[in-house]
Amino acid sequence: MVNNSLKEITQELLKAKTMLLYPHVNPDGDALGSCIALERALRQLGKEAYVLVEGKLPNNLQFLDDGYITEDQNILENPDISIAVDCSQDSRIKGRLDKFKEAKNSICIDHHENDIPLCQYNYIDSSEAACSQIMYKLLLEMQNQSDLEFDKEMCNALYTGILTDTGCFKNSNSSFDSFNISAELVKLGANTYEVAQEVYEKEPIGKIELEAKILETLKSVKDGKILIAYASQKMLEETNTEMDMADSVVTTLRSIEGTEVSVLLKEYGPEEIKVSMRSKSYVDLVPFAKAHGGGGHTRASGYTIEKSLKDAILEIEREIVELV
Ligand code: 5GP
Ligand code: MN
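Predicted model only: the values in this text are computed from it and were never measured.

Visitor: Explain the pattern of salt bridges here, please?
Guide: Pairing between side chains of opposite charge can happen when their charged atoms approach one another. One pass over the structure, following the stated rule, counts 21 salt bridges. Its salt-bridge partner being Glu-317, residue Lys-219 comes within 3.1 Å of it at the nearest N-O pair. Linking Lys-219 in strand β7 (residues 219-221) with Glu-317 in helix α12 (residues 309-319), this pair joins segments that are 98 residues apart in sequence.

Structural data, given as structure tokens:
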């Protein structure tokens, strides 16, 4: 797929007056961080912009909410542009797709591999560790074409995206740009200690209790080269937690010596099981995820299984062996 230039995309943004930004469903630090930064930039330039989400924000990302994040699809009628952020597949904005299509113009900013363009204007670069890195470059271009100034909240938001999508700079995708842009953001006002405190140091006790329950389900395949665990709705009730609090377990499992692939199944509903996968050094997860209707990155991918938790576990155990 051929990208449009950030210059062209900026021109479209500057022409428009009203826009809705769409992070992917179950938004993470990168999706929300890049949305908030762009929404604030657009507002600074006198535009009317909102971040339209599907579902509740994770607890540890609520500090990003500047009052313009909403679930209300009627907040703007017929906006000039719909902007997909950190996602380029319509399945990732499924519950908002009709609204997305309401706009005359559409723009996609993403770092997930995808061959089919979602929007009229697309900028997708899967070599970028975080969509927030692309968003930083877009804001620089907007600065070239307007009198935009970075504020502290924009910088904190973009830094949150880079920090979380690189796994605190531990993942293989961490690049010169990840460090360089982070340093630029600090220069422009980001407070890295504040962000780290918000994202990682305010865990509710229930999260640890949930993690303990998940670890009890651990199954080892092929001598521990693959580890599989699950989180059920029952566990959430018992620990008074939300499903996003299960997320970090999949990277904890990968950290075990000798483990190449870790898998976490998350029961969002009776027939809605989200699969989270991580690999350590040689398995490319993208083809496997895509074959199941999902996607992602070489070392972090996911998809949804529309079966009961029990059947989804059986399916994974049967199929995953082909990966290592
Ligand atoms: P996570 O395991 O953190 O939910 O997702 C890991 C990576 O895989 C993320 O980059 C995410 O965007 C991608 N991913 C997870 N689930 C899906 C899915 O259902 N569809 C697609 N296309 N990508 C997914
Ligand atoms: Mn991302």
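There is more to say after this.
Visitor: Whenever I open this one, the pairing of strand β4 (residues 81-85) confuses me. Can you help?
Guide: Most of β4 sits out of view: five of its five residues are buried. On β4, burial covers both faces: Ile-81, Ile-83 and Val-85 on one face and Ser-82 and Ala-84 on the other are all buried. Both β4 and strand β5 (residues 105-110) contribute to a ladder of five bridges, which runs parallel. The residue bridging Ala-84 from the neighbouring strand is Cys-108, located in β5. You can see the chain leave β4, run along helix α3 (residues 97-102) and come back into β5, and the turn it takes is right-handed.

Visitor: Just checking my understanding: could you explain the packing of helix α2 (residues 29-44) against helix α5 (residues 152-165) for this structure?
Guide: Helices that pack against each other are described as a pair by the angle of their axes relative to one another and the distance between those axes. Running from amino to carboxyl end, α2 crosses α5 at an angle of 160°, the nearest separation of the two axes being 7 Å. If you check the angle between α2 and α5, you find them roughly antiparallel. Every pair of crossing elements has a handedness; the one defined by α2 and α5 is left-handed. From α2, Gly-29, Asp-30, Gly-33, Ser-34, Ile-36, Ala-37, Arg-40, Ala-41 and Gln-44 reach across to α5, where they touch Glu-153, Met-154, Ala-157, Leu-158, Thr-160, Gly-161, Thr-164 and Asp-165. Looking at the contact of α2 with α5 residue by residue, the classes come out as six nonpolar, seven polar and four charged.

Visitor: Would you take a moment to explain the pairing of strand β9 (residues 261-269) for this structure?
Guide: Across a regular strand the side chains alternate sides, sitting on one face of the sheet and then on the other. When you tally the buried positions in β9, you get eight out of nine residues, the bulk of the element. The pairing of strand β8 (residues 226-231) with β9 spans six bridges and is parallel. Bridge pairing in β9 links Ile-228 to Val-263. Note that β9 and strand β10 (residues 272-279) share eight bridges and pair antiparallel. Among the inter-strand pairings, Val-263 is bridged to a residue of β10, identified as Met-277. Connecting the antiparallel pair β9 and β10 is a turn made up of two residues.

Visitor: Teacher, can you tell me more about the site of ligand 1 here?
Guide: What surrounds ligand 1 is a group of 14 residues, the closest being Gln-89, His-112, Lys-274, Ser-276 and Arg-278. Taking His-297, its side chain carries an N or O atom lying 3.1 Å from an oxygen atom of ligand 1. Gly-302 is positioned such that a nitrogen or oxygen atom in its backbone is 3.4 Å from an oxygen atom of ligand 1. Summarising the interface, the protein chains cover 84% of the accessible area of ligand 1, which totals 490 Å² for the free molecule.

Visitor: What is the right way to look at the packing of α5 against helix α7 (residues 192-200) in this model?
Guide: Interaxial distance between α5 and α7 falls to 10 Å at its minimum, and their mutual angle equals 55°. It follows from the interaxial angle that α5 and α7 lie oblique. As for how α5 packs across α7, the hand of that crossing is right-handed. Taken together, the residues of α7 that come into contact with α5 (itself represented by Lys-152, Asn-156, Tyr-159, Thr-160, Leu-163 and Thr-164) are Thr-192, Glu-194, Val-195, Val-199 and Tyr-200.

Visitor: What am I meant to see in α5 here?
Guide: Since there are 3.6 residues in each turn of an α-helix, residues three or four apart along the chain are aligned in direction. Here α5 spans 20 Å end to end across 14 residues, near enough to the 20 Å set by a 1.5 Å rise per residue. Turning to α5, its buried residues are Met-154, Cys-155, Asn-156, Ala-157, Leu-158, Tyr-159, Thr-160, Gly-161, Ile-162, Leu-163 and Asp-165. Elements that come into contact with the buried residues of α5 comprise α2, α4 (131-145), α6 (176-188) and α7. With a side-chain oxygen lying 3.2 Å from the backbone nitrogen of Glu-153, the N-terminal cap of α5 falls on Asp-151. Remark: Gly-167 follows α5 within two positions and exhibits a positive phi of approximately 60°.

The rules we used
Residues numbered from 1 in each chain as written. Chains lettered and ligands numbered in written order. Predicted model: local features only at pLDDT ≥ 70, side-chain atom pairs only at ≥ 80, totals over all residues. Heavy atoms only, no water. Salt bridge = Lys/Arg side-chain N within 4 Å of Asp/Glu carboxyl O. Helix = DSSP H or I, 4+ residues; strand = E, 2+ residues; numbered from the N terminus. Buried < 20%, exposed > 50% of the residue type's maximum accessible area, 1.4 Å probe, protein only. Pairing = 2+ DSSP bridges. Right-handed = clockwise from strand over helix to strand, strands pointing away. Axes fitted to C-alpha atoms, helices over the stretch in contact; angles between N-to-C directions. Parallel < 35°, antiparallel > 145°, perpendicular 65-115°, else oblique. Left-handed = near helix turned anticlockwise from the far one by under 90°. Contact = heavy atoms within 4.5 Å. Nonpolar A, V, L, I, M, F, W, Y, C, P; charged D, E, K, R; others polar. Near = heavy atom within 4 Å. Polar contact = N/O pair within 3.5 Å; in protein donor to acceptor, adjacent residues only side chain to side chain. Areas by Shrake-Rupley, 256 points an atom, 1.4 Å probe, with all protein chains shown as cover. Expected span 1.5 Å × (residues − 1).

Shape is all these values report; function is a separate question.
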